[in-house]
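Chains, contacts and geometry: an overview
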Amino acid sequence: MRDGAVEVLLITRRGRDGWIIPKGKASRALGPSESARREALEEAGVEGEVGTAPFDEYRHGGGEDDPSVHVFLLRVTRELASWPEARARKRMWVRIQDAASHVDDPGLARVLSAAAAYLPSQHRPAPGIEPPARSDGASRQPAWRALTPVRLGLVLLALGVAALAAFALVSRQNGRRTAGAGRNVVRAAGASGAEKGGRDGTSAAVQTAAGPASSDSICRVQQAPVALPRRLTEASGIAAGLRSPGVLWSHNDSGQPVLYAFSADGSPLGVVRVAGARQENWEDIAAGPCASGSCLYVADIGDNAASRANITVYRVPEPAPTDRETRPAEAFHATYPDGPQDAEALFVLPDGGIYVVTKGETGPIALYRFPQPLRAGASARLERIVELRGAGTRRPERITGASASADGRWIALRTLDAVDLYRTADLLRGRVGNPIRVDVRPLGEAQGEGVGWGPAGTLYLTSEGGGKHVPGTLARLSCTPGL
């Protein structure tokens, strides 16, 4: 605070002019908010208490494929006269109302404006909170804004999860804790309805005339993202085993044709090779019925260039996690009725029906079905059921995974930012309507990929690790869709 006004700390780019916010690499060990706290210390020389949930987000650079930046609030309790990057950067405190005019990035400017509207312009110090330590001898402080011992406030820390780049926006406010810090509820809303990001990191649910109300579904975080087995860096899909309760299955989208078994806390249980299978671009996995009881269906359906002559789904009896190899896989080949498509999502219903959902990058998002009866080794022509969205879908809205609930009543389709829950009966009749949307951005995944229903409304989510040698992550929600 300075003269009763909230202020924001901006820094320059390393060795260059131009005001930005601190940036850095997200640490899997620390998590998003703690990584952002670290970057505020290293690049801006401030310490304080960081909130656990994002305040806001934006695209750094403004493009659809640019890093998604999650912004956190931090209450500044100490300003350092010397810090790791003091020689490479300048820093400047500005009034929150003026901060947006000092930055070039339009997304950051919007967040600064949102912060100005959210943080009160007047706030008295909270009892028992002391001002930050004085920055004595701060020779690199700009002449226009020397730090004083009466300043206290909030740091807005922004973490770019898509590119593992972190950005920190610094603001200050006396004694104010981050709104909603520590909440673990992710609310849902009609996907096509108006939706506004909550300041506590959840989605503010808005009921639309045609869509479900927010009370129709509340997904509660049971487990924040934890690391998967070390070699599982891409984690493109996930399935809850039927033969062995508590065993989860996933795979990389390239490399060797193997499945990774692990427990709900991410602990490795085994690696099983899929006998007789090739791996061109594995994108999803599902557990479902078959003649032997329960099988795993592995979807070799990825096609970034939309040029494959056919796709393949492998079916194997579900192995034990301690097996070295599965029984020989059955291969079901297929072509699309409207030409090659890129897809990353597959689900299998309790009646054995196999469905593919295209991604939406090279064409529309559409639902396709394998014709019955299935014939191993033969190539079938998929049946197109319904188009969910037209071509040119923005990157955050592209479909990266799918799963059917154990009772077959619900289909979950996930994107980078959300999970959409559809009633199966409506979807198969071509009635897209307004699905229930669950915003999963507060989880801070590096690149959300897989979704899999487990028992009793459990929903598992996997993410790629964000680097070639970084393991993927596993999160767990508890969801209760409306009746």
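Going along each chain's sequence as written, the residues are numbered from 1 onward. With the structure being a predicted model, the display of local features is reserved for residues of pLDDT at least 70 and the display and counting of side-chain atom pairs for 80 or more, all residues being used for whole-chain, interface and lining totals. With hydrogens and water excluded, all non-hydrogen atoms of the structure serve as input to the side-chain values.

Some thoughts on the overall build of the chain
Only DSSP runs of H or I reaching four residues or more are called helices, and only runs of E reaching two or more are called strands; each is numbered from the N terminus. Counting secondary structure elements, the chain contains 4 helices and 33 strands. We call a residue buried when its accessible area falls under 20% of the maximum for its residue type, exposed when it is over 50%, and partly exposed in between, using a 1.4 Å probe and counting protein chains only. Burial status across the chain gives 59% buried among its 483 residues. Residue contacts are defined here by distance: any two heavy atoms, one from each residue, within 4.5 Å place the two residues in contact. Intrachain contacts of the chain at a sequence separation of at least 6 include 60% that bridge at least 24 residues. Carbon together with sulfur atoms contributes 48% to the accessible area of the chain, which is approximately 19400 Å² in total. What sets the accessible areas is the Shrake-Rupley method with a 1.4 Å probe; for residues, cover comes only from the shown protein chains.

Section: the state of the cysteines
Disulfides are defined as pairs of cysteine sulfur atoms found within 2.5 Å of each other. Under the criterion given, the structure shown has 2 disulfides. Paired through a disulfide, Cys219 and Cys479 show a sulfur-sulfur distance of 2.1 Å. Torsion about the S-S bond of the Cys219 and Cys479 cystine: about 125 degrees, corresponding to right-handed handedness. With Cys219 in strand β13 (residues 218-227) and Cys479 in strand β33 (residues 473-479), this pair connects stretches of sequence that are 260 residues apart. Judged on exposure class, the residue Cys219 and its partner Cys479 are both buried. Residue pairing for Cys290: its cysteine sulfur links by disulfide to Cys295, the two sulfurs lying 2.0 Å apart. Looking along the S-S bond of the Cys290-Cys295 disulfide, the torsion reads about 80 degrees, which is the right-handed sense. Take Cys295: its relative accessible area is 2%, and that puts it in the buried class. Taken in sequence order, the bonded cysteines of the chain link in the pattern 1-4, 2-3.

With respect to the packing of aromatic side chains
Two rings belonging to Phe, Tyr or Trp (six-membered ring only in the last case) form a pair when the distance between their centres is within 6.5 Å. Interplanar angles under 30 degrees mark stacking, angles over 60 mark edge-to-face geometry, and anything in between is tilted. Here the structure, examined in full by the defined rule, presents 3 aromatic pairs. Where Tyr336 meets Tyr368, the ring centres are 4.9 Å apart and the plane angle is 80 degrees; that geometry is what we call edge-to-face. Taken together, the residues span a long stretch of sequence, with Tyr336 in the loop between β21 (330-335) and β22 (343-348) and Tyr368 in strand β24 (residues 365-369) at a distance of 32 residues. Of the two residues, Tyr336 and Tyr368, neither departs from the other in class, the shared state being buried. Ring centres of Phe347 and Tyr355 lie 4.9 Å apart, and the angle between their planes is 10 degrees; this geometry places the pair in the stacked category. Each member of the pair Phe347 and Tyr355 is classed as buried.

A closer look at the pattern of salt bridges
Salt bridges, as used here, are contacts in which a Lys or Arg side-chain nitrogen is within 4 Å of a carboxyl oxygen on Asp or Glu. According to the stated counting rule, one finds 23 salt bridges in the structure shown. For the salt bridge of Arg89 with Glu85, the shortest nitrogen-to-oxygen distance reads 2.7 Å. A single network of salt bridges, built from pairs that share partners, joins Glu344, Lys359, Glu361 and Arg398.

Structural notes on the sheet that holds strand β16 (residues 258-262)
The strand order across the open sheet built from 4 strands is β14-β15-β16-β17, with neighbouring strands paired in antiparallel fashion. Both outer strands of the open sheet, β14 (237-240) and β17 (268-273), are each paired with one neighbouring strand and no more. Looking at each pair of strands side by side, their axes are set apart by 25 degrees on average, direction ignored. The pairing criterion is simple: DSSP has to find at least two bridges between the two strands. Every angle, taken between N-to-C directions, lies between 0 and 180 degrees, and every axis is a line fitted to C-alpha atoms, over only the stretch in contact when it is a helix.

Details of the sheet that holds strand β19 (residues 293-300)
Strand pairing in a sheet relies on backbone hydrogen bonds. The paired strands run either parallel or antiparallel. Spatially, β18-β19-β20-β21-β25 is the arrangement adopted by the 5 strands of the open sheet, whose pairing is mixed. Looking along the sheet, the strands with just one partner apiece sit at the ends: β18 (282-290) and β25 (379-381). Here the average twist between neighbouring strands, direction ignored, is 25 degrees. Strand direction decides the pairing type here: β19 and strand β20 (residues 311-317), joined by 6 bridges, are antiparallel. By the bridge assignment for β20, Val298 is matched with Tyr314.

Some remarks on the confidence of the model for the chain
A low pLDDT score tells you not to read the predicted coordinates there in detail. The pLDDT averaged across the chain works out to 79; a share of 77% of its residues lies at or above 70. Of the regions scoring below 50 in pLDDT, residues 121-152 engages in 73 contacts with residues more than four places distant in sequence or in other chains. Note on scores: pLDDT gives the predictor's confidence for each residue, bounded by 0 and 100. Overall, residues 161-185 carries pLDDT values under 50, and its contacts beyond four positions in sequence, including any with other chains, amount to 131 contacts.

Details of the environment of Trp453
Relative to the elements of secondary structure, Trp453 occurs in strand β31 (residues 447-453). Accessibility expressed as a relative area gives 9% for Trp453, which makes it buried. Linking Trp453 and Ala402, residues 51 residues apart in sequence, is a C-alpha distance of 9.1 Å. Beyond its immediate chain neighbours, meaning those up to four positions away, Trp453 contacts Ala240, Ser403, Ala404, Ser405, Trp410, Ile411, Ala412, Leu421, Thr458, Leu459, Cys479 and Pro481.

Points about the side chain of Arg91
With respect to the helices, strands and loops of the structure, Arg91 is situated in strand β7 (residues 91-95). We treat Lys and Arg as the positive residues and Asp and Glu as the negative residues; His and chain ends play no part in the count. One buried charge, Arg91, has no salt-bridge partner; the nearest side chain with opposite charge is Glu79, at 6.0 Å. Distance and chemistry together define a polar contact, namely a pair of N or O atoms within 3.5 Å, with one atom able to donate a hydrogen and the other to accept it when in protein, and with adjacent residues in sequence counting only for side-chain atoms on both sides. For Arg91, the side chain forms a polar contact with the main-chain oxygen of Gly45, separated by 3.4 Å. At a separation of 2.6 Å, a polar atom in the side chain of Arg91 contacts the main-chain carbonyl oxygen of Leu80.

Overview of the nonpolar core
Val8, Leu10, Tyr58 and Leu112 are the most contacted members of the largest nonpolar core, which totals 23 residues. Contributing elements (two or more residues each) for this core: β1 (7-12), β6 (68-79), β7, α2 (96-99) and α3 (106-118). Top element by residues in this core is α3. It accounts for 5 residues. What makes a nonpolar core is a set of buried Ala, Val, Leu, Ile, Met, Phe, Trp, Tyr and Cys residues whose side-chain atoms join them at distances within 4.5 Å. Ranked by size, the runner-up nonpolar core spans 20 residues in total, among them Ile301, Ile311, Phe332 and Phe370.

Topic: the pairing of β1
Looking down a regular strand, the side chains alternate between one sheet face and the other. Within β1, 6 of the 6 residues are buried, which leaves it mostly tucked inside the rest of the structure. Judged by which residues are buried, β1 turns out to be covered on both faces: Glu7, Leu9 and Ile11 on one side and Val8, Leu10 and Thr12 on the other are all buried. Here 5 bridges tie β1 to β7, and the two strands are oriented antiparallel to one another. Residue pairing for β7: Leu10 is matched across the bridge by Met92. Judged from the 2 bridges that link them, β1 and strand β2 (residues 19-20) form a sheet pairing that is antiparallel. Bridge pairing links Ile11 to Ile20 in β2.

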